[in-house]
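# Overview (structure and organization)
Residues per chain are reported as follows:
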Amino acid sequence: MSTESGIPIRAKAPKRFAAGLAVFYATVFGVTGAYLPFFTVWLKAIGIEAWWIGIIVATPAITRFTVLPFITAEAERRQALRAALVITAIVTTIGFICLGVLRGPLAILAVFMVTACAWTPMVPLTDGYALKAVARFGLNYGPLRLWGSAAFVVSALVSGALADIISPEHLIWLIAASAGLGVIAALGLQPLDAPGARQGPARRVALLRNPAFLAIIIPAGMIQGSHAAYYTFGSIVWQGAGYSGMTIASLWVLGVLAEIVVFALSPRFTLSPALMMLGGALSAVVRWLITAQDPPLAVLVAVQLLHGLTFGLTQLGTMGLLIRHAPGHVIARAQGYYTACSGLAMSSAAMLSGALFERYGLAVYDLMAVMAFTAAVVVVLSRRRLEAPPASDQPHSPGSGG
């Protein structure tokens, strides 16, 4: 196997297509930049108890392994990724607006579940859309994806500044406003395929019967799922420690800045995708073990920088392996299955974290470290399979531009 990252590059790419995709990535992750640091703070501010917060926050992850795979598969079968992105962006915006007027935990859970059914497919649909462009136009995934991370930074900083000014009960409107920008950006996306075209039976691929594919999505899902306690209770713990809204946002931003650097430098990486994933897993073990010790702010700053490896390097390795082992005509479906796997891991860990946090506090991060270590073991045991030559029906080889 080549030691290259597995994400092809071509010098000349359609600038308009790339610009529209970069803008949409920015809006998708701009929502996340407002959501991750402050959604749980909003829930707590309106009186939702910790165990209910754990259940509510687990909802998006649950939809990832239930509804999401069907949406991504159907969008790809109809070759309507752009239309799916427009529809999901609209429904997501309406959902967050509706949440803003609710206060009861059951009502919030019900509406958030519907919202999540539209919101969670947006990232795998966008990644599938992007990877098709990687194969067709020779775009590079890392530099495109970094615009999403950059928008996360801007959104988190703006939300953090506003969180020190507005009441916590109104933080939900920052998330809803960010989602609204995604609708505008979605309308500017360029179509990749003819609407309504369908895959013939001869082109169907049984991804879930492919051992190499399972060896990709299972450990990758566990590594990403190990972020559950951080995503659920990170801001709550920091707020309880007396950190301001801007400090909380800055801690989130530090991690994403490290992620941006990793994505920006990815074209120069010479590690194989499997080794990238392994590096992400081992970094997660270190990160969560340190976080469990309630480190002071100076150490916490350094720990947050590991996000560039625990998330960024893992994501690059996963995308490189998917391009290598998943045929191009089912790449969005492959993204759906990967997101479903990470959703199963994330939802399980989030609900367990909600139950354990009240009793054991930061010790919940030890469980996250165990998840990441288990993923590292799976990668090591599967490395030969992961580094095997790509399937014969791949539309391109790792070193080609498509």
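Residues numbered from 1 in each chain as written. Predicted model: local features only at pLDDT ≥ 70, side-chain atom pairs only at ≥ 80, totals over all residues. Heavy atoms only, no water.

### Comments concerning the packing of aromatic side chains
Per the counting criterion, the structure on display carries 20 aromatic pairs. Seen in terms of ring centroids, Phe 152 and Trp 252 are 6.5 Å apart; in terms of plane orientation they differ by 45°. Their pairing is tilted. Pair noted here: Phe 152 is in helix H7 (residues 141-163) and Trp 252 is in helix H11 (residues 245-265), with a separation of 100 residues, a long-range link. Each member of the pair, Phe 152 as well as Trp 252, carries the same accessibility label: buried. Of the aromatic side chains, those joined through ring pairs into one cluster are Phe 152, Tyr 230, Tyr 231, Trp 238, Trp 252, Trp 288 and Tyr 365. Here the guanidinium or amino end of Arg 145 rests over the ring plane of Phe 29, the centre of that ring lying 3.9 Å away. Seen from the ring of Tyr 230, Arg 287 lies directly overhead, with NZ or CZ sitting 4.6 Å from the centre. (Phe/Tyr/Trp six-rings, centres within 6.5 Å; stacked < 30°, edge-to-face > 60°. Helix = DSSP H or I, 4+ residues; strand = E, 2+ residues; numbered from the N terminus. Buried < 20%, exposed > 50% of the residue type's maximum accessible area, 1.4 Å probe, protein only. Lys NZ or Arg CZ within 6 Å of the ring centre and 35° of its normal.)

### Quick notes on the environment of Ile 218
Along the chain, Ile 218 turns up in helix H9 (residues 211-225). Judged by its relative accessible area of 37%, Ile 218 falls in the partly exposed class. Here the alpha-carbon distance between Ile 218 and Val 378, two residues 160 residues apart in the chain, equals 8.3 Å.

### So, the nonpolar core
Residues Phe 39 and Phe 96 are the most contacted members of the largest nonpolar core, which totals 128 residues. Ranked by the residues each element gives to this core, the list is headed by helix H1 (residues 15-45), at 17 residues. In contact with Phe 39, other than residues within four places in its own chain, are Ala 34, Ile 56, Val 57, Leu 99, Phe 112, Ile 172 and Ile 175. (Core = buried A, V, L, I, M, F, W, Y, C linked by side-chain atoms within 4.5 Å. Contact = heavy atoms within 4.5 Å.)

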